[in-house]
Amino acid sequence: MNNLFQPETSRIDGPIVRARNLTKRFPKAKKPALAGLDADIFAGRITGLAGPDGAGKTTFLRMVAGLLDPTEGELTVLGVNPATQAEEIHIRAGYMPQRFGLYEDLSVQQNLDLYADLRGVPDQERAATFERLLGFTDLKRFTKRKAGALSGGMKQKLGLACALISKPELLLLDEPGVGVDPISRRDLWTMVQDLVAEGIGVIWSTAYLDEAEMCESVIVLNDGKTLFSGAPAELTDRVRDRTFVLPVTHARRQALQRALDVESVLDGVVQGNHLRLVLREGAMEFDAAAIGLEGKPKHVKPRFEDAFIDALGGPTRGESRIAEAMRQIPGDDKSVIEAHDLTKKFGDFAATDRVTFEVKRGELFGLLGPNGAGKSTTFKMMCGLLKPTSGTARVTGLDLQHSGSQARSRLGYMAQKFSLYADLTVRQNLDFFSGIYGLKNGRRKAVDSMLEIFAFGDQADVPSGQLPLGFKQRLSMAAALMHEPDVLFLDEPTSGVDPITRREFWKHINGLVEKGVTVMVTTHFMDEAEYCDRIGLVYRGQLIALGPPDELKRKVRTPELENPTMEDAFVALIREFDRENGVKS
Amino acid sequence: MLQRIAALVIKELLATLRDRRARLALVIPPIIQLLLFSFTGTQEVKNIGIAIFNPDTGQASTELCKRLEASGNFRYVTFVQSTEAVADAIDRQQAIASVRFQPDFSERFLSGQNASLQVILDGRRSNAAQIVNGYITTIVGQFVAEQAAPGRMTVSDELIQPRNWFNANLEYIWFTVPSLVAIITLLISLNVTSMSVAREREMGTFDQLLVSPLQPIEIMIGKTIPAFLLALAEATLFLLVAVFIFRIPFHGSLPLLYLALVTFITSIVGVGLFISALSATQQQALLGTFTFMVPGMLLSGYASPIENMPQWLQVITYANPLRYMMVIVKGVFLKDLPPEVVWANTWPMLVIALFTIPVATWFFRARAS
Amino acid sequence: MKIEIESRDPQRGALSERSSSGNRRVETGAASSDSRSFAVEKFNPRRLLALIRKEGVQILRDPSSILIAFILPVILLFLFGYAVSLDSTKLRVGVVMEERTPVSESLMAALRDSKYFTVTPGFTLKEMEDQLVAGKLRGILVIPVNFSRLFTGNNGGGDTAARLQIIADGSEPNTASFVQNYIRAAIGGWQTARALDQGANAPPNIEIETRMWFNPSLESKNYLVPGSIAIVMTLIGTLLTSLVVAREWERGTMEALMATPVSIQELVLGKLIPYFLLGFGSMSFCTLVSVGIFHTPLRGSAIVLALVTSAFLAACLGQGLFISTLAKSQFIAGQAALILGFLPSFQLSGFIFEIRSMPAPIQALTYLFPARYFVQALHTIFLAGDVGAVLWRDGLILVGFAAVFFLLTSRVTRKKLD
């Protein structure tokens, strides 16, 4: 056996997946889930499938895998029709569904055995295959562990190993990166590149546009329709010369807001001590002085995300209306969130180990860390959902474990996945939250004003479960802010959300921080981490780094890497910790 | 605090009534149960068959056969021609009992000797078989009495006047329908409470409640009241169905019945909250409800009278709220149960409620943090 | 060499192009000369074994399946063994003696001595009435004032004398008929005994020789315990199976399985066999418990029991699979399994409630559920023995049910998500 995965792609010349006018309608749905997709996907490269939630990515992958039949149009996969010859696709293609398709109560080895049997891996090849896959995914140490007890990153690798077990010609990956930390995502990318080098064709669906940008070709879907299909550079090229950075030394978020108010600016983000702006089509120049900045704009290479936002027409404009409506909380330089020697043990295992930090009033504090590092445990203790084994967690000076109700009435909370009442309408949900937070006078007015601020319009009486994702996101936020909390806890608030909605979301958060609200947020998006005043990096239950984003980046600066990104900092700090503590990474 | 609870109650009611699946689960199984159980939940002996093997052709046996046939107790009377055929009819469950006459039955009887006949009963259905045996014995006894000593007083309608109070014709449905009002109320209140917390856990909304100013006790109350209202509404519906569709007489006091229902539901909701505090998923809650329901029904006096149980099991039934509610609901419907008897069966439920609710609250608090 | 990629779907015409290079002809089902074969196998024992092994590990790791298969049966058997006794052994009756004469005293004594009654004596109907209303008494026998005169026939004016009154609590019809019949029988016995005592020439009598077949000691547990096995089998076959399949849909593992070369037959068998074995284990366990602890007889052979159980389990599993192919959420699958599986096996199987006593439309309904046949067969095997006529018929009907459910399941199941 010469290669890791002995590709056998020579048998098909031309595209391995060919779609013409591919359309899928579900019964009862108003709009088609996928409308008129034309695509040619080739072996030996990664084809990205990008787009917001509900754009039709999963529907396309399932049709390619022969699990759904197209309503209209043509589809050929590996030379056969997946609608009628699904069995052959199932032999020749590997498919990793969302949530990885693992049996959580089976061990790693048992999962591998199962898929090896199902895919008919011959006995004599088996030992070698497992050896390769386990080495490749670095799961050798965990073969006896239950799949359910693995971290998100490890589950993802196991899911990939299961999909690869019989050397597929085509590999379908459905959002492998959701809820997975940057290190694991990098590892996965490297692994898949190795496969591609051996001639396997890969379709990689993702909500992360930096992943899409690295693909050789990409299909961008939105609302079932194809926005773009081709090499990412082609799309990126459309915003050429329209992207630049502008140095900003202080009040970065306010400066960003001012910049976004300028007519010619399409999009902008904070990037360390710079603003990164994208201009509208036709606009070439930007006058920094107009927003009170002194530095000179410097052109930078456009990114796929810039082009994506451009293609979608840019984020909504204007100030955050929720922040406008919010009362100004007087700054007092007090610590609002305090963790002191915070420890949580599950049996002998310390999920959080003596973590100490403080967050001042009006500060935006980010908690980062790989999956399974103790980030969520720490977060849950801070907002009172978990009881610490030892140490204290205080919010506005009160211990949530003891003072309970009163302290909790001053904090807002937004959970990772949409977790409001799906059967209740938008208005009923808001009514409920205004009720349990004890809004006394003007409860109706508060609800009405929330409906107006978030522009729910005629969606107000729609059951919240039927809302598009962007509206769900707004509703979650409205519910968390109804009672004008002093402190806001956000747990991966933008996981799986498209960039436009994310922009809108961060506009509100930035506006709220201006009003003096203290925010604590966890995220896997490193560009979001840039907005934070300070970041705490949690790894192996400990707080291994704490400081402003730029300071963390400075720490990892080397001659080879002069201008590290937040993601570089994240990876380097963790590697360094492992080195110092003698852990094999 | 009141406002928070009110918000929770409204949300809970809306969520339950707006969710199509939950609505179906609330309406369809109870209706199917009410209809099915009302007609199937009977231990009455009707429509049964017996087999007669009479190798004797004499007058006495022929007369007795006629009487058995004409008694109206047996729907099917089959005459067979051999002992094997008798056995076969019972094996195949075509007859629940068989009567076999001696070949010289009439001769012996008319000559003043003791004649004998053999009755074979199907012990696989021992309850019905015993009742059938009673019918046969009575018919034979009367025959003997009339033949042997005409005019002499015997066990007969002349000597005994049977009366069935509260339900003169022993309508079985008068027993099942009021009992079902209690049983289905139990099912609903248990199902709603035990599933509601598990559902919020699975959907992730439970964390939202825990980070809000709501205290565990408020969440408890907020979960209790809607279950309570829903169960009461369904109970009312079933009362109406019982009175207006099944035409069950209602002799007692409605306020008294509601007072008892309220206490009953409270005690059950405590159990439901306890199950929901223990279960992490809806599946576990379902199995938990089930594990309580079946013994609860069997130990209530519905499936079989409590006094037939072994003494130690009878003691256990004192902890079963359904046991008391059964007495009350049937009593209020059919017997115009006096207030002191209603109270005698209500306070034990109150004691159970005062035990289950705090224990559930305690468990709930322990799990919440 | 030429490559020919042929469309097998002429209507769509999806694949009509031919390419001039390459070296392989793609053809489903045909063995290729290539090192790898794309032959689509409908059945591969190795895949099936892998699915069974997976399911086995899941069963062993999930306490709730063990709870349903082994703990719940014990609770049920126990309750049916002890709690549900339909034989009224001790009826609480009141006896009102409006007159105290040797005759009435002797009747009273006869009732007291009977093993069927717990007698509460009294002198006025009023005091007994309250106890009847409160449910403390099940019936009242009233011995009227001039009863002894009537009975001894001293007085010709029999018509004016009051008769014995048996008052039963009609709110419990079953118990009420027991009360009526038992008191009547007791009076009859007492009367005959008295007549003989008085030296009357014994009238010619008919001796009734009663034999209770299958269950001579007349214990209802003997038929309730086998009947409850049917309930447990339904729970495992229908409820558990439909829940675990729905769980695979909810957790997304079904999607992953469907994208592998596994065939539908293997998927179905891979669920059936483990739960069949679990049900069978539970069945053996139930039988051991009921024979060993509750001393129910087992007159038929173990082989026949095994065969009939297999047929019923197959029908239940078929039903469970059918439900879960239609309902892909645990909640709906659970509710459907309760309504279509548990309730019929409880109410329409003849296990507690007499089928013959039900109204005709509901009797007709009982024929539509396998539980009826299984309960009938179990009663026969446990209490009567291997009665070929009954068991063949019931067994074949159960096999028929299983066949119908599997046919339906295979009709609605496709390896597709829509």
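Everything numeric in this text was worked out from a predicted model, so none of it was measured.

**Student:** Is there a simple way to think about the overall build of chain C in this case?
**Tutor:** Counting its secondary structure elements, chain C contains 14 helices and 5 strands. Looking at the 418 residues of chain C, the share that counts as buried comes to 49%. Looking at chain C alone, contacts between residues at least 24 apart form 75% of all its contacts between residues at least 6 apart.

**Student:** Is there a simple way to think about the overall build of chain B in this case?
**Tutor:** Within chain B, the regular secondary structure consists of 14 helices and 5 strands. For 369 residues, the compact-globule estimate of 2.2 N^0.38 gives 21 Å, and chain B exceeds it by more than 25% at 28 Å. Expressed as lengths along the three principal axes of its C-alpha atoms, the size of chain B is roughly 95 × 45 × 40 Å. Put simply, 79% of the contacts in chain B that link residues at least 6 apart link residues at least 24 apart.

**Student:** How do you make sense of the interface of chain C and chain B when you look at a structure like this?
**Tutor:** How big an interface is tends to be reported as the loss of accessible area on association of its parts. Listed as interface residues are 87 residues of chain C and, on the opposing side, 92 residues of chain B. Residues of the side of chain C that touches chain B, tallied by class, amount to 48 nonpolar, 27 polar and 12 charged. Pairing between strand S5 (residues 160–165) of chain B and strand S4 (residues 164–169) of chain C: 6 bridges, direction parallel. Each bridged residue has a counterpart across the sheet, and for Asn164 of chain B the counterpart in S4 of chain C is Ala168 of chain C.

**Student:** Looking at this structure, how should I read the pairing of strand S3 (residues 46–50) of chain A?
**Tutor:** Along a regular strand, successive side chains alternate from one face of the sheet to the other. Residue and element names in this part refer to chain A. The element S3 is largely enclosed, with a buried count of 5 among its 5 residues. Burial along S3 is two-sided: Ile46, Gly48 and Ala50 and Thr47 and Leu49, pointing in opposite directions, are all buried. Direction of pairing for S3 relative to strand S7 (residues 201–206): parallel, over a ladder of 5 bridges. What sits directly across from Thr47, in S7, is Ile203. Two elements, S3 and strand S8 (residues 217–222), share 4 bridges in a ladder whose sense is parallel. From the neighbouring strand, Gly48 faces S8, where its bridge partner is Val218.

**Student:** What's the story with the pairing of strand S2 (residues 117–122) of chain C in this structure? I'm lost.
**Tutor:** All names here are of chain C. Sheet topology note: the strand S1 (residues 91–97)/S2 ladder contains 6 bridges and is parallel. When the sheet's bridge partners are listed, Val93 is paired in S2 with Val119. Traced from S1 through helix H3 (residues 102–113) to S2, the parallel crossover comes out right-handed.

**Student:** Whenever I open this one, the packing of helix H15 (residues 426–436) of chain A against helix H17 (residues 469–481) of chain A confuses me. Can you help?
**Tutor:** In a pair of packed helices, the angle between the axes and the distance between the axes together describe the arrangement. Residue and element names in this part refer to chain A. As a packed pair, H15 and H17 sit with axes 9 Å apart at the nearest point and diverge in direction by 20 degrees. By the angle between their directions, the pair H15 and H17 is classed as roughly parallel. In this structure, H15 crosses over H17, and the sense of that crossing is right-handed. Here Val426, Asn429, Leu430 and Phe433 of H15 lie close against H17, whose contacting residues are Leu475, Ala478 and Ala479. Of the residues in the contact of H15 with H17, the class split is 6 nonpolar, 1 polar and no charged.

**Student:** Looking at this model, I keep getting lost on the sheet that holds S5 of chain B. Mind explaining?
**Tutor:** Remark on secondary structure: sheet strands pair via backbone hydrogen bonds, oriented parallel or antiparallel. Spatially, S5(B)-S4(C)-S3(C)-S1(C)-S2(C) is the arrangement adopted by the 5 strands of the open sheet, whose pairing is mixed. At either end of the open sheet lies a strand with only one pairing partner, and these are S5 of chain B together with S2 of chain C. Ignoring strand direction, the axes of neighbouring strands in this sheet form an average angle of 20 degrees. In the packing of helix H4 (residues 125–133) of chain C onto the sheet, the strands contacted are S5 of chain B together with S1, S2, strand S3 (139–143) and S4 of chain C, and the crossing angle to S1 of chain C comes to about 165 degrees.

**Student:** Explain the confidence of the model for chain C here, please?
**Tutor:** Keep in mind that low pLDDT regions are not for reading the predicted coordinates in detail. Residue and element names in this part refer to chain C. The predicted model of chain C has a mean per-residue pLDDT of 77, with 81% of residues at 70 or higher. Across residues 1–37 the pLDDT falls below 50, and counting only partners more than four positions away or on other chains, this stretch makes 57 contacts in the model. Here residues 155–159 is a poorly scored stretch, pLDDT under 50, and it has 2 contacts once near neighbours within four places are set aside; other chains count. Per the prediction output, this complex has pTM 0.77; the corresponding ipTM is 0.77.

**Student:** Hey, could you run me through the sheet that holds strand S21 (residues 518–522) of chain A in this one?
**Tutor:** Residues and elements named next belong to chain A. Across the sheet, which stays open at both edges, the 6 strands sit in the order S19-S20-S21-S16-S22-S23 with mixed pairing between neighbours. Here the strands that pair on one side only, and so sit at the sheet edges, are strand S19 (411–414) and strand S23 (542–547). Strand-to-strand twist of the sheet, defined as the mean angle between neighbouring strand axes without regard to direction, takes the value 15 degrees. Lying over the sheet, helix H21 (residues 566–580) contacts strand S16 (364–368), strand S22 (534–539) and S23, oriented at roughly 45 degrees with respect to S22.

**Student:** Sorry if this is basic, but what is going on with unusual backbone geometry here?
**Tutor:** Excluding glycine, residues mostly carry a negative phi; peptide bonds, for their part, are mostly trans. All names here are of chain A. One non-glycine residue, Asp223, adopts positive backbone phi at about 55 degrees. Summarising the element assignment, Asp223 is placed in the loop between S8 and strand S9 (225–230). Of note, Arg540 is a non-glycine position whose phi angle comes to about 50 degrees, a positive value. Locating Arg540 in the fold gives a position in the loop between S22 and S23. Judged by the 18 C-beta atoms lying within 10 Å of it, Arg540 falls in the partly exposed class.

**Student:** Which parts of the structure should I look at to understand the nonpolar core?
**Tutor:** Within soluble globular proteins, side chains that are nonpolar tend to cluster in buried spots. Counting 376 residues, the largest nonpolar core has Leu172, Met482 and Val519 of chain A, Met325 and Ile328 of chain B together with Leu141 of chain C as the members making the most contacts within it. When near neighbours in sequence (up to four residues on either side) are disregarded, Val519 of chain A contacts Leu364, Phe365, Leu488, Leu490, Ile509, Leu512 and Val513 of chain A. Ala51, Val119, Ala128 and Ile136 of chain B belong to the second-largest nonpolar core, a separate cluster that totals 30 residues.

**Student:** Just to check I follow, could you spell out the confidence of the model for chain B for this structure?
**Tutor:** Residue and element names in this part refer to chain B. Taken as a whole, chain B shows an average pLDDT of 82; of its residues, 93% reach a score of 70 or greater. For chain B, per-element mean pLDDT is lowest for helix H6 (residues 126–148), which scores 74, and highest for helix H13 (residues 321–335), which scores 92. Taken together, the stretch residues 150–155 has pLDDT below 50 and engages in 12 contacts with residues farther than four places along the chain or on a different chain.

**Student:** Would you take a moment to explain the packing of helix H11 (residues 282–298) of chain B against helix H2 (residues 63–82) of chain C for this structure?
**Tutor:** One way to put it is that H11 of chain B packs onto H2 of chain C with a least axis distance of 11 Å and a crossing angle of 5 degrees. If you check the angle between H11 of chain B and H2 of chain C, you find them roughly parallel. Side by side, H11 of chain B and H2 of chain C meet where Gln283, Gln284, Leu287, Thr291, Val294, Pro295 and Leu298 of chain B of the first sit next to Ser64, Leu67, Leu72, Ile75, Leu76 and Leu79 of chain C of the second. Tallied by class, the residues present in the contact of H11 of chain B with H2 of chain C amount to 9 nonpolar, 4 polar and no charged.

**Student:** What am I meant to see in helix H1 (residues 57–64) of chain A here?
**Tutor:** Each turn of an α-helix holds 3.6 residues, which means side chains three or four residues apart point in the same direction. All names here are of chain A. Among the 8 residues that make up H1, 8 are buried, leaving the element largely enclosed by the rest of the structure. Within the span of H1, buried status applies to Lys57, Thr58, Thr59, Phe60, Leu61, Arg62, Met63 and Val64. At the C-terminal side of H1, Gly66 shows a positive phi close to 75 degrees.

**Student:** Just to check I follow, could you spell out the environment of Thr413 of chain C for this structure?
**Tutor:** Residues and elements named next belong to chain C. Assignment of secondary structure puts Thr413 in the segment after helix H14 (388–412). Sequence separation between Thr413 and Thr325 is 88 residues, and the spatial gap between their C-alpha atoms is 6.6 Å. When sequence neighbours within four positions are dropped, the list of residues in contact with Thr413 reads Ile264 and Thr325.

Conventions and cut-offs
Residues numbered from 1 in each chain as written. Chains lettered and ligands numbered in written order. Predicted model: local features only at pLDDT ≥ 70, side-chain atom pairs only at ≥ 80, totals over all residues. Helix = DSSP H or I, 4+ residues; strand = E, 2+ residues; numbered from the N terminus. Buried ≥ 20, exposed ≤ 12 C-beta atoms within 10 Å, placed from the backbone. Contact = placed C-beta atoms within 7 Å. Rg over C-alpha atoms; globule rule 2.2 N^0.38 Å. Nonpolar A, V, L, I, M, F, W, Y, C, P; charged D, E, K, R; others polar. Pairing = 2+ DSSP bridges. Right-handed = clockwise from strand over helix to strand, strands pointing away. Axes fitted to C-alpha atoms, helices over the stretch in contact; angles between N-to-C directions. Parallel < 35°, antiparallel > 145°, perpendicular 65-115°, else oblique. Left-handed = near helix turned anticlockwise from the far one by under 90°. pLDDT = per-residue confidence, 0-100. Core = buried A, V, L, I, M, F, W, Y, C linked by C-beta atoms within 7 Å.

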